[in-house]
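Close look at the chain arrangement
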Amino acid sequence: MNDSIALGVAIAAVVVVPGLANGFLNALGFPTVGSIVWALGYGLGVVFIWSEWIRPLDITGPEGVSLSEDESTGDRS
């Protein structure tokens, strides 16, 4: 499966599944439990997406670019 499709499905699941569970539990008369399930499901989904897709990214600047001596010491005269 393409990574972008997998990410899209995971994001949709993180939003839809806890939301549906919250709605069903509210309809059954358990609004507090529904809110807890929604918060845990959404929060754990965000942590999962961060750990699988965002954390491994190498977000650094290009190599070989350096600041001049004045810029690196913070001298802004």
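Residues numbered from 1 in each chain as written. Predicted model: local features only at pLDDT ≥ 70, side-chain atom pairs only at ≥ 80, totals over all residues. Heavy atoms only, no water.

Check the secondary structure of the protein chain and you find three helices and zero strands. Of the regular secondary structure in the protein chain, the N- to C-terminal order runs α-α-α. Of all 77 residues assigned to the protein chain, the portion counted as buried reaches 9%. Summed over its atoms, the accessible surface of the protein chain is roughly 6,200 Å², and 65% of this surface lies on carbon and sulfur atoms. (Helix = DSSP H or I, 4+ residues; strand = E, 2+ residues; numbered from the N terminus. Buried < 20%, exposed > 50% of the residue type's maximum accessible area, 1.4 Å probe, protein only. Areas by Shrake-Rupley, 256 points an atom, 1.4 Å probe, with all protein chains shown as cover.)

End to end, helix H2 (residues 31–54) covers 33 Å across 24 residues, agreeing with the expected 34 Å (1.5 Å per residue, within 8%). Among all positions in H2, only Gly34, Gly45 and Ile49 are buried. Contacts from the buried residues of H2 go to helix H1 (3–27). (Expected span 1.5 Å × (residues − 1). Contact = heavy atoms within 4.5 Å.)

Here we take up the packing of aromatic side chains. Inspection of every chain in the model, using the stated rule, returns two aromatic pairs. Taking 6.1 Å as the distance between ring centres and 90 degrees as the angle between the ring planes, the aromatic pair formed by Phe48 and Trp53 counts as edge-to-face. On the accessibility criterion, Phe48 (42% relative accessible area) is partly exposed. Here Trp53 falls in the partly exposed class, since its relative accessible area comes to 24%. (Phe/Tyr/Trp six-rings, centres within 6.5 Å; stacked < 30°, edge-to-face > 60°.)

Its place among the elements puts Asn22 in helix H1. Judged by relative accessible area, Asn22 falls into the buried class, the value being 17%. Residues in contact with Asn22, not counting those within four places in the same chain, are Gly34, Ser35 and Trp38.

Once that is clear, we can look at a nonpolar patch on the surface. A cluster of nonpolar side chains, contributed by Ile11, Val15, Val16, Val17, Leu20, Phe24, Trp38, Tyr42 and Val46, occupies part of the molecular surface with about 830 Å² of accessible area. Secondary-structure elements contributing two or more residues to the nonpolar patch are H1 and H2. Judged by its relative accessible area of 48%, Leu20 falls in the partly exposed class. (Patch = residues over 30% accessible without salt bridge, like charges linked within 9 Å, V, L, I, M, F, W, Y side chains within 5 Å. Salt bridge = Lys/Arg side-chain N within 4 Å of Asp/Glu carboxyl O.)

So, about the packing of H1 against H2. Running from N to C, H1 and H2 cross one another at 170 degrees; their axes reach a closest spacing of 7 Å. Accordingly, the angle class assigned to the pair H1 and H2 is roughly antiparallel. Among the residues forming the contact of H1 with H2, the class breakdown is 17 nonpolar, seven polar and one charged. (Axes fitted to C-alpha atoms, helices over the stretch in contact; angles between N-to-C directions. Parallel < 35°, antiparallel > 145°, perpendicular 65-115°, else oblique. Nonpolar A, V, L, I, M, F, W, Y, C, P; charged D, E, K, R; others polar.)

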